[in-house]
Amino acid sequence: MKIRGLMMDPVTNMPIVILKDSSSNSVLPIWVGIYEANAIALEIEKVSTPRPMTHDLIKTLLMGFEAGIRKVVVNELRDDTFYAVIWVEHNGELISVDSRPSDALALALRLDCPIYVDETVLKSARQSANASDKLNTNQELRRLLENLGDEDFGRYKM
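To keep things clear, this report deals only with the structure shown in the data block.

Definitions and cut-offs
Residues numbered from 1 in each chain as written. Predicted model: local features only at pLDDT ≥ 70, side-chain atom pairs only at ≥ 80, totals over all residues. Heavy atoms only, no water. 1 Å grid on protein atoms, 1.4 Å probe; cavity = no way out; pocket = protein on both sides within 12 Å on 5 of 7 lines; lining within 4 Å. Points joined across faces, edges and corners; volume = space filled by probe spheres on them. Helix = DSSP H or I, 4+ residues; strand = E, 2+ residues; numbered from the N terminus. Nonpolar A, V, L, I, M, F, W, Y, C, P; charged D, E, K, R; others polar. Pairing = 2+ DSSP bridges. Axes fitted to C-alpha atoms, helices over the stretch in contact; angles between N-to-C directions. Contact = heavy atoms within 4.5 Å. Salt bridge = Lys/Arg side-chain N within 4 Å of Asp/Glu carboxyl O. Buried < 20%, exposed > 50% of the residue type's maximum accessible area, 1.4 Å probe, protein only.

1. What to know about the layout of surface pockets
Turning to step 1, where the next piece is worked out: What the second largest pocket holds in volume is close to 240 Å³.
Turning to step 2, where the next piece is worked out: Lining the second largest pocket are 11 residues, and of these Met1, Lys2, Asp112, Cys113 and Ile115 lie nearest its centre.
Turning to step 3, where the next piece is worked out: Elements with a contribution of two residues or more to the lining of the second largest pocket: strand E1 (2-8), helix H3 (101-111) and strand E7 (115-117).
Turning to step 4, where the next piece is worked out: Of the residues in the lining of the second largest pocket, the class split is 9 nonpolar, no polar and 2 charged.

Right, dumping it as structure tokens:
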């Protein structure tokens, strides 16, 4: 998947990272915190900060240890919370590191590595939306996300 952009949830006023699979048109909105969204937005816009931000520091540490990130995977949705794994490669060994999706995505952008979402997560997200009390709101949001054009993302488009 690719990060399609960032937007604000009009109901909760929380940032949403939009992941989109270009081959299947699957869309996965992930609500994130404002600081995490800022870290992602800074990298999308290629904004340099006077001092290293946390994700820049992690990138520098990985490079210093001659390690890299092979991929990040949003691998679980439990109790309306997404989980991710960062696959770090060091000396030919793969190490999985538990992560919040927002941190995994911020690192994936900085290190230009692939982003994956388990098919079970996509299915669970759809089922969760369908079972929610906010069925109409979730369906409207999903329809909105699937039909967004580049101009809808403002300065955060990818």
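2. Re the sheet that holds strand E6 (residues 93-99)
Turning to step 1, where the next piece is worked out: Strand order in the open sheet formed by 4 strands is E6-E5-E4-E7, and the pairing between neighbours is mixed. Two strands in the sheet have a free side with no partner beyond their single neighbour: E6 and E7. When the angles between neighbouring strand axes are averaged without regard to direction, this sheet yields 25°.
Turning to step 2, where the next piece is worked out: Examined bridge by bridge, strand E5 (residues 81-90) and E6 share 7 bridges and lie antiparallel to one another. Within E6, the position partnered with Ala84 by the bridge is Ser99.
Turning to step 3, where the next piece is worked out: Of the strands in this sheet, strand E4 (67-78), E5, E6 and E7 touch H3, which is tilted by about 40° from E5.

3. Examining the pairing of E4
Working note: regular strand, side chains alternate between the two faces of the sheet.
Turning to step 1, where the next piece is worked out: With 10 bridges connecting them, E4 and E5 associate as antiparallel partners. Bridging from a neighbouring strand, Val72 pairs with Ile86 of E5.
Turning to step 2, where the next piece is worked out: Between the end of E4 and the start of E5, which pair antiparallel, lie 2 residues, with Asp79 showing a positive phi angle near 55°.
Turning to step 3, where the next piece is worked out: One ladder, built from 3 bridges, connects E4 with E7; its direction is parallel.

4. Here's the deal with the pattern of salt bridges
Turning to step 1, where the next piece is worked out: Evaluation of the coordinates by the stated rule reveals 7 salt bridges.
Turning to step 2, where the next piece is worked out: With a closest N to O distance of 2.7 Å, Glu89 and Arg70 form a salt bridge. Of this pair, Glu89 sits in strand E5 while Arg70 sits in strand E4, placing them 19 residues apart in sequence.
Turning to step 3, where the next piece is worked out: Judged by its relative accessible area of 41%, Arg70 is partly exposed.
Turning to step 4, where the next piece is worked out: As a salt-bridge pair, Arg78 and Glu76 come within 2.7 Å of each other at their nearest N and O atoms.
Turning to step 5, where the next piece is worked out: Judged by relative accessible area, which is 39%, Arg78 ranks as partly exposed.
Turning to step 6, where the next piece is worked out: A single network of salt bridges, built from pairs that share partners, joins Glu43, Lys46, Asp56 and Arg110.

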